[in-house]
Amino acid sequence: MSCYLTTGKHMSMYYAVGTVLLLLAITAPTALAFGFAGASAARSDFAPLRWIGKTYVAVVRGIPDIAFFLFFVIALDQAFEYIRHRIKCPDWTEPVRQGNDFVVCTAAKLPLGNSPQWVHETYGFMLAVLTFAIVFGAFAANVLFGAMRAVPRGQLETAEAYGMSRRQTFWRVLVPQMWVYALPGLSNLWMVLIKATPLLFLLGVEDIVYWARELGGAKQPQFTDYPHGDWRMWYFLALLVFYLCFTKVSEVVLDRIMAKLTHGQATAAGEAQRKAAA
Amino acid sequence: MSCWETIADYALRSQGIGERLLPRSDFTLCQQFTLIGSGMIWNIYFGLVALVAGFFLATAVAMGKAARSPFLRKPAEWFIFVFRGSPLFIQFFFAYFLFLSLKGSYPIFSPLTSAWAGALVVLFLNTAAYTGEIFYGALQSIPKGDTEAADAYGLSGWNRFRRVIFPTMLRLAWPGYTNEAIFLFHATTLVFFSGFPATQQRGDALYYANYFADKTFNPFIPYPILAFYFILLTLVVIGVFGIINARLNRHLPQDRRRALKVRPQIIR
């Protein structure tokens, strides 16, 4: 059994778990940054910037996100290749879209045709991360926008009364205070992000779903390396349990962070905490 | 080929009626609109049936979770935790392979390996869990005065539930439930990407949109069409739920009626 669980392909599967964790580790801050930019844009005084921010938030909600995942991967890929195409091959005259084909010159291909396998994989992974960041950035922008508006007006007025400029008010008063209002929404988003990671499979990254299908399956029983029948059910059961544990742990940790952040805040929960201690 | 012929050929393609072969080259806008729209039949079917059936189980689960007896409460809590704590995508995969191996031992289960029944079961249980949690929250926030009034009138048991608790719970839960409904319709797009086979290329809207994007290498046409259909569907859902919301709140004075606030989206 222990021998079975340590075959090369099983190692790849454990490695894929790492990929998922890596995705979470990169995406969460990136999405937060996107969300912060979006929320700041949406409350900007400069109208076009405000429109961009609001459209960004509005478009991504209301459409199944899996459609976005499928859309952005191709769209981003083509956008990058098109930009490189314009820079690297300026004297190319044929149109890029020829009927059903998307053609760019060989020098503009991403990744280059002759690059090694790992570059291809990393490029696919980066596209996936960017897609996740764009989609979840919109959700985060929505949460942060709400949180910025939830900061009591009096706090901002006090800052103005002290003679702070708009920029100073934003960075020194609004931003430090908004997190406690944003955290419930953000922790919800984190849960959703965890639960969205299996969609990596659809983006063509060899993630745990891919390996669970691959390893559990016995497509051609006579050739299979594994002396068992169709075990995919058990592999997916394991994945299910993995995700359940993951969400449970996150829940506990986020509750702790919330308790920390609430400490000393002028909210109902903060008041309750103060009374419980007294 | 005119657009009307295309519609005649492909409007019911997702149900296996009409032209057998999907278009292979020279894709027209009309073909894309028709086929993706045809796929929407599946999304509406999955969403609607799961929603209606899930409503009843959700009420039961919510009552179970609010029950005092641990024999009722624990199973309800676990049910909600398992379905809300894991990705729907993995649930689909697991259910599909579970049904496959069940089919191996008991042939009765063979319909469950096809999407129309198997995926429906998963969506039904999933939405029941999410809705159950929403209903549970609503149950917890029923004003104390309402139940006390019911007690004062001598209502108990079934009458108390039917006349006081259930309507109040529904009214409180309705905005959240609207989001859940929208959410569920969006989740139906996962079905054909998660193991359940699309026999003879009878798939849902996203299946066809993906087909066109794969064939044309141009995501800029099929996905916006899909988005258009889904925004339309979302608006219909909001409209219908808004009407029901107005009816649920019809006894309240005008200014205390809460307008429906919809904050859809976010994957499960």
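Residues numbered from 1 in each chain as written. Chains lettered and ligands numbered in written order. Predicted model: local features only at pLDDT ≥ 70, side-chain atom pairs only at ≥ 80, totals over all residues. Heavy atoms only, no water.

Draft legend 1. Quick look at the overall build of chain A. Helices and strands together make up the secondary structure of chain A, namely 9 helices and 2 strands. In chain A, the succession of α and β elements from N to C terminus is α-α-α-β-β-α-α-α-α-α-α. Counting the 278 residues in chain A, one finds 44% classified as buried. Within chain A, residue pairs in contact and separated by at least 24 positions form 70% of the contacts whose partners lie at least 6 positions apart. (Helix = DSSP H or I, 4+ residues; strand = E, 2+ residues; numbered from the N terminus. Buried < 20%, exposed > 50% of the residue type's maximum accessible area, 1.4 Å probe, protein only. Contact = heavy atoms within 4.5 Å.)

Draft legend 2. Geometry of the overall build of chain B. Looking only at helices and strands, one finds 9 helices and 0 strands in chain B. Put simply, chain B runs from its N terminus to its C terminus through helices and strands in the order α-α-α-α-α-α-α-α-α. Counting all 268 residues of chain B, 49% fall into the buried class. Considering only residue pairs separated by 6 or more positions, chain B has 74% of its internal contacts joining residues 24 or more positions apart. Carbon and sulfur atoms make up 64% of the accessible area of chain B, which totals about 12700 Å². (Areas by Shrake-Rupley, 256 points an atom, 1.4 Å probe, with all protein chains shown as cover.)

Draft legend 3. Expanded view of a nonpolar patch on the surface. Residues and elements named next belong to chain B. On the surface, L29, F33, F220, I221, F228 and L232 cluster together into a nonpolar patch covering about 520 Å² of accessible area. Take F228: it is sitting in helix α9 (residues 222–248). Given the relative accessible area of 41%, F228 is considered partly exposed. (Patch = residues over 30% accessible without salt bridge, like charges linked within 9 Å, V, L, I, M, F, W, Y side chains within 5 Å. Salt bridge = Lys/Arg side-chain N within 4 Å of Asp/Glu carboxyl O.)

Draft legend 4. Up close: the environment of G37(B). Note that G37(B) resides in helix α2 (residues 29–66). Of the residues examined, G37(B) reaches a relative accessible area of 18% and is grouped as buried.

Draft legend 5. Local environment of the pattern of salt bridges. All names here are of chain B. By the definition in use, this model includes 6 salt bridges over all chains. A salt bridge links E133 to K65, with the shortest nitrogen-to-oxygen separation between them at 3.0 Å. Highlighted residues: E133 in helix α5 (residues 115–140) and K65 in helix α2, separated in sequence by 68 residues. Notably, a salt bridge pairs E77 with R73, separated by 3.8 Å at the nearest N-O pair. Of this pair, E77 and R73 both sit in helix α3 (residues 70–85), 4 residues apart, roughly one helical turn. We classify R73 as partly exposed; its relative accessible area is 26%. Within this structure, R73, K74 and E77 form a network of salt bridges that share partners.

Draft legend 6. How the structure looks around the packing of aromatic side chains. Evaluation of the coordinates by the stated rule reveals 38 aromatic pairs over all chains. Seen in terms of ring centroids, F55(B) and F56(B) are 5.6 Å apart; in terms of plane orientation they differ by 90 degrees. Their pairing is edge-to-face. By relative accessible area, F56(B) is classed as exposed at 59%. Their ring planes at 75 degrees and their centres at 5.6 Å tell us that Y207(B) and Y208(B) sit as a pair that is edge-to-face. In this structure an aromatic cluster arises from ring pairing among F55(B), F56(B), F135(B), W158(B), F161(B), F166(B), W174(B), Y177(B) and F241(B). Lying over the aromatic face of F81(B), K248(A) brings its terminal NZ or CZ to 5.1 Å of the ring centre. Taking NZ or CZ as reference, K65(B) lies 4.6 Å from the ring centre of Y136(B), over its face. (Phe/Tyr/Trp six-rings, centres within 6.5 Å; stacked < 30°, edge-to-face > 60°. Lys NZ or Arg CZ within 6 Å of the ring centre and 35° of its normal.)

Draft legend 7. Broad picture of the confidence of the model for chain A. Across chain A, pLDDT averages 76, with 74% of residues at or above 70. pLDDT under 50 marks residues 219–224 of chain A. Its contacts with residues more than four places away, or in other chains, come to 1 contact. (pLDDT = per-residue confidence, 0-100.)

Draft legend 8. Inspection of the environment of W211(A) at higher detail. Residues and elements named next belong to chain A. With respect to the secondary-structure elements, W211 resides in helix α7 (residues 208–216). Take W211: its relative accessible area is 10%, and that puts it in the buried class. Separated by 194 residues in the primary sequence, W211 and V17 place their C-alpha atoms 9.9 Å from one another.

Draft legend 9. The arrangement of the side chain of T247(A) in detail. By the secondary structure assignment, T247(A) is in helix α8 (residues 232–262). Those residues in contact with T247(A) that sit more than four places away from it in its chain are M191(A), I194(A) and G85(B).

Draft legend 10. Inspection of the packing of helix α4 (residues 117–150) of chain A against helix α6 (residues 166–196) of chain A at higher detail. All names here are of chain A. Between α4 and α6, whose axes approach to 8 Å, the crossing angle comes to 140 degrees. Relative to α6, the element α4 lies oblique. The element α4 and its partner α6 pack so that their crossing is right-handed. In contact with F132, F136, F139, A140, V143, L144, A147, M148 and A150 of α4, α6 contributes F170, L174, M178, W179, Y181, A182, G185, L186, L189, V192, L193 and A196. Partitioning the contact of α4 with α6 into residue classes produces 20 nonpolar, 1 polar and no charged. (Axes fitted to C-alpha atoms, helices over the stretch in contact; angles between N-to-C directions. Parallel < 35°, antiparallel > 145°, perpendicular 65-115°, else oblique. Left-handed = near helix turned anticlockwise from the far one by under 90°. Nonpolar A, V, L, I, M, F, W, Y, C, P; charged D, E, K, R; others polar.)

Draft legend 11. Representation of helix α7 (residues 157–187) of chain B within the structure. End to end, α7(B) covers just 37 Å across 31 residues, shorter than the expected 45 Å (1.5 Å per residue, more than 12% under). The largest bend in α7(B) is about 55 degrees, located at W174(B), with the proline P175(B) one to four residues further on. (Expected span 1.5 Å × (residues − 1). Bend = angle between axes of the 7 residues up to and from the residue.)

Draft legend 12. Spatial organisation of the packing of α5(B) against α7(B). Residue and element names in this part refer to chain B. At their nearest, the axes of α5 and α7 sit 8 Å apart, and the two run at 140 degrees to each other. Here α7 runs oblique to α5, going by the angle between their axes. Along this stretch, α5 crosses α7, giving a crossing that reads as right-handed. Note on element contacts: α7 touches α5 through I165, M169, L170, L172, A173, G176, Y177, E180, F183 and L184, opposite L123, T127, Y130, T131, I134, F135, A138 and L139. Of the residues that constitute the contact of α5 with α7, the class distribution is 14 nonpolar, 3 polar and 1 charged.

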